[in-house]
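Coordinates in review
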Amino acid sequence: MRLKNIPGSRETIAASELVIHEPEKLKGKWSEEFGRKAPLAIEIGMGKGRFLMGMAEQNPDTDFIGIEKYSSVLLRAIQKLEAKPRDNVRLVRMDAEYITDVFAPGEVDIIYLNFSDPWPKDRHAKRRLPSRQFLARYDSFLKPGGRIEFKTDNRELFDFAVEEVNESVFEIKAISYDLHADSVMSEGNIMTEYEEKFSGLGNPIYKYILERKKA
Ligand code: SAM
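A short tour of the structure in this document, coming up. Each chain carries its own residue numbering, running from 1 in the written order of its sequence. Predicted model: local features are reported for residues with pLDDT of at least 70 only, side-chain atom pairs are reported and counted for 80 or more only, and whole-chain, interface and lining totals are derived from all residues. To get the side-chain values, take all heavy atoms of the structure and skip hydrogens and water.

Aromatic contacts are taken between Phe, Tyr and Trp rings whose centres are within 6.5 Å, Trp giving its six-membered ring; a plane angle under 30 degrees counts as stacked, one over 60 as edge-to-face, and the others as tilted. One pass over the full model with this rule turns up twelve aromatic pairs. Relative to Y208, the ring of F158 has its centre 5.9 Å away and its plane inclined at 40 degrees; by these criteria the two rings are tilted. Of this pair, F158 sits in helix α6 (residues 155-165) while Y208 sits in strand β7 (residues 206-212), and the two are 50 residues apart along the sequence. Here F158 and Y208 have matching classes, each one buried. Each member of the aromatic cluster is reached from another via a ring pair, and the members are W30, F103, F134, Y138 and F141. Cation placement over rings: the criterion is NZ of Lys or CZ of Arg within 6 Å of the ring centroid and within 35° of the ring normal. Across from the ring centre of W119, 4.6 Å away, lies the NZ or CZ of R127, which sits over that ring. The ring of Y206 has R155 lying over it, and the distance from NZ or CZ to the ring centre is 5.5 Å. The helix count covers DSSP runs of H or I at least four residues long, the strand count covers runs of E at least two residues long, and both are numbered beginning at the N terminus. Type-normalised accessible area, obtained with a 1.4 Å probe on protein chains alone, sets the label of each residue: buried when under 20%, exposed when over 50%, and partly exposed for intermediate values.

Attention now goes to the sheet that holds strand β2 (residues 63-68). A pair of strands counts as paired when DSSP detects no fewer than two bridges linking them. Read across the open sheet, the seven strands follow the order β3-β2-β1-β4-β5-β7-β6; overall the sheet is mixed. Here the strands that pair on one side only, and so sit at the sheet edges, are β3 (89-93) and β6 (170-176). Neighbouring strand axes in the sheet, compared pairwise and without regard to direction, differ in orientation by 20 degrees on average. Pairing analysis gives four bridges linking strand β1 (residues 40-44) to strand β4 (residues 108-114), with the strands arranged parallel. Geometry is summarised by axes, namely lines fitted to C-alpha atoms with helices restricted to the contacting stretch, and by angles between N-to-C directions that run from 0 to 180 degrees.

This next bit is on the nonpolar core. Counting 37 residues, the largest nonpolar core has W30, I42, I44, F103, I111 and Y138 as its most contacted members. Within the residue set of this core, elements represented by two or more residues are α2 (30-34), β1, β2, β4, α5 (132-141), β5 (142-152), α6 and β7. Take this core: its biggest share by element is six residues, from α6. Note on definitions: a residue-residue contact is assigned when non-hydrogen atoms from the two residues lie within 4.5 Å. When sequence neighbours within four positions are dropped, the list of residues in contact with I42 reads I65, I67, I99, F103, V108, I110, I111, Y112 and F141. Nonpolar cores are built from buried Ala, Val, Leu, Ile, Met, Phe, Trp, Tyr and Cys residues. Side-chain atoms within 4.5 Å join them into one set.

Okay, α5 next. Every buried residue of α5 is listed here: F134, L135, Y138 and F141. Each buried residue of α5 lies within a common arc of 125 degrees when the element is viewed along its axis, so the set occupies one face. Buried residues belonging to α5 abut β1, β4, β5, α6, β6 and β7. This arc is built from the directions going out from the helix axis to the C-beta atoms.

Relative to the helices and strands, E195 is located in helix α7 (residues 193-200). As used in this structure description, the phrase polar contact means that two N or O atoms lie within 3.5 Å; if the pair is within protein, one of them must be able to donate a hydrogen and the other to accept it, and residues adjacent in sequence are counted only when both atoms belong to side chains. Polar side-chain contacts of E195 include one of 2.7 Å to the side chain of H180. There is a polar contact of 2.9 Å between the side chain of E195 and the side chain of N189. Discounting residues that sit within four places of it in the chain, E195 has contacts with F115, K151, L179, H180, N189, I190, G200 and I205.

Okay, structure coming up:
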């Protein structure tokens, strides 16, 4: 994602009630923040938030947390959410590397990864959000029966992600190499900003859904 240093973005974020500023304090207590016991879904690297807001609107009985590393990008999501407020959405600015500080075992029902940064150099493989290192982090807080959904138009990243599943406690429950042509997997699909852009250029979209392997 192209980053512009938007003046005042940190100040706007600091003042926003839609952003959780000390998410570690809610570890194990996210249901208190939302004021109800409901399924919890998170999107890691949510960008400007189109997918997150669309999912929150489509699924009012689920609570959603969008996680984004960069203030300048998060600002766009805040603006979107302020224009159309939703009780079932919160935003967090953080590097997902520290995500296990924020969610307790069994706390999250669904993890969405959309068009994650590819980190093309081999030595940066562990920074990729569907890497084995991240899958182990997700395992620590995903509910039994929970799932991970990943989509991208980057074939190399997708092939890598599929391989990494073998090094994890997860297995592939569903996979598509052309999501938009797959009537089952694309049902209810909400497009992300990147998905709209790259599918518009004619790129196929790849998607997998993971669950833990049955013992
Ligand atoms: N998901 C959006 C979409 O599909 O339109 C944005 C995709 S963009 C390529 C990847 C986003 O993930 C960027 O906004 C980036 O800042 C964020 N990101 C990358 N690594 C991250 C990390 N470790 N923690 C949190 N956010 C991250």
